[in-house]
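As a plain string of letters, each chain reads:
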Amino acid sequence: MTENTKKKGRLFVLSAPSGSGKSTVKELVMRRLPDLVYSVSYTTRNPRPGEVDGRDYNFVVNEKFRAMIDEGDFLEWAEVFGRFYGTGRHWVEDRLAAGNDVLADLDVLGASSVKKQMPEATLIFMVPPSAIELGRRLAGRNTETVEEARNRLARARSEIDRRHVYDFLVINDDLETAASEMIEIIEHGRGRSMSEMENFWPVFFEGL
Ligand code: ADP
Ligand code: 5GP
């Protein structure tokens, strides 16, 4: 195949309310799909214990992030919990042009922005089986203060309100099942379509 006829890669965007288990599932999926490449975002937040610069995020200072905005270096960027997060435009475009499938982990606004720019992108939304379980996982992770965890729960509701932009829903109840569902979406385009899952949401919020 010549450079011009080479098949373009596909972009998959994964979003989830914080604490849903997205990082855990994502790691399993990346391990099992060696041809899928992960878009390492830039962020101004501090690394959590165990996070590695250049692997989990490119950790940068505010000035650097601002300069990258001015240079047009981001495909999209957003402020989340008072910190900045952005997707490297050139890296993603180069990987797609080279034929690699790319996975990006973005918040809901980032996902919407990508869908506008690249309507062919596949958007996947992940949640735990219930809002109560989401609170439990946030508390169990122990990486935020109580105040931060409360903010993250409140934000989950507004993220779910914007769910309609997504193509697929993955419910992360059992880890293995959630990873298999994501792989099925990426490899075969099959999964629970968001529009067919409207009956799930009252169940999700039950008991709150
Ligand atoms: P996120 O990246 O969505 O913020 P994490 O991957 O950090 O979430 O997971 C939040 C917490 O939930 C972690 O303590 C993780 O071990 C736990 N967790 C993830 N998936 C599951 C699951 N399927 N069942 C139970 N606990 C889970
Ligand atoms: P965390 O701090 O928990 O790693 O991420 C907080 C939120 O920022 C998550 O919803 C995550 O998806 C989102 N996020 C991470 N990287 C990016 C990015 O490059 N762009 C956008 N818009 N959101 C991001």
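Conventions adopted
Residues numbered from 1 in each chain as written. Chains lettered and ligands numbered in written order. Predicted model: local features only at pLDDT ≥ 70, side-chain atom pairs only at ≥ 80, totals over all residues. Heavy atoms only, no water. Pairing = 2+ DSSP bridges. Helix = DSSP H or I, 4+ residues; strand = E, 2+ residues; numbered from the N terminus. Contact = heavy atoms within 4.5 Å. Axes fitted to C-alpha atoms, helices over the stretch in contact; angles between N-to-C directions. Salt bridge = Lys/Arg side-chain N within 4 Å of Asp/Glu carboxyl O. Near = heavy atom within 4 Å. Polar contact = N/O pair within 3.5 Å; in protein donor to acceptor, adjacent residues only side chain to side chain. Areas by Shrake-Rupley, 256 points an atom, 1.4 Å probe, with all protein chains shown as cover. Buried < 20%, exposed > 50% of the residue type's maximum accessible area, 1.4 Å probe, protein only.

(A) Structural context of the sheet that holds strand β10 (residues 192–193). The strand order β2-β7-β1-β8-β9-β10 describes an open sheet built from six strands, whose pairing is mixed. Here the strands that pair on one side only, and so sit at the sheet edges, are β2 (36–39) and β10. For strand β1 (residues 11–15) and strand β7 (residues 101–105), the ladder comprises four bridges, and the chain directions are parallel. Looking at β7, one finds that Leu11 is bridged to Val102. Of the strands in this sheet, β1, β2 and β7 touch helix α3 (residues 89–97), which is tilted by about 170° from β2.

(B) Examining the pattern of salt bridges more closely. Within the structure shown, the criterion is met by 17 salt bridges. The network of salt bridges with shared partners includes Lys22, Lys26 and Asp105.

(C) Fine view of the site of ligand 1. Close to ligand 1 lie 13 residues; Gly19, Ser23, Thr24, Arg141 and Asn172 are nearest. Within the side chain of Ser23, a nitrogen or oxygen atom sits 2.4 Å from an oxygen atom of ligand 1. Between ligand 1 and Asp173 there is a distance of 2.9 Å, counted from a nitrogen atom to a backbone nitrogen or oxygen. Protein chains shield 73% of the accessible area of ligand 1, which is 560 Å² for the free molecule.

(D) Broad picture of the pairing of strand β5 (residues 74–80). When you tally the buried positions in β5, you get five out of seven residues, the bulk of the element. One ladder, built from six bridges, connects β5 with strand β6 (residues 83–88); its direction is antiparallel. Looking at the pairing, Ala78 lines up with Tyr85 of β6. In this antiparallel pair of consecutive strands, β5 and β6, the connection spans two residues, and Phe81 shows a positive phi of 50°.

The quantities given are spatial measurements derived from coordinates; they are silent on function.
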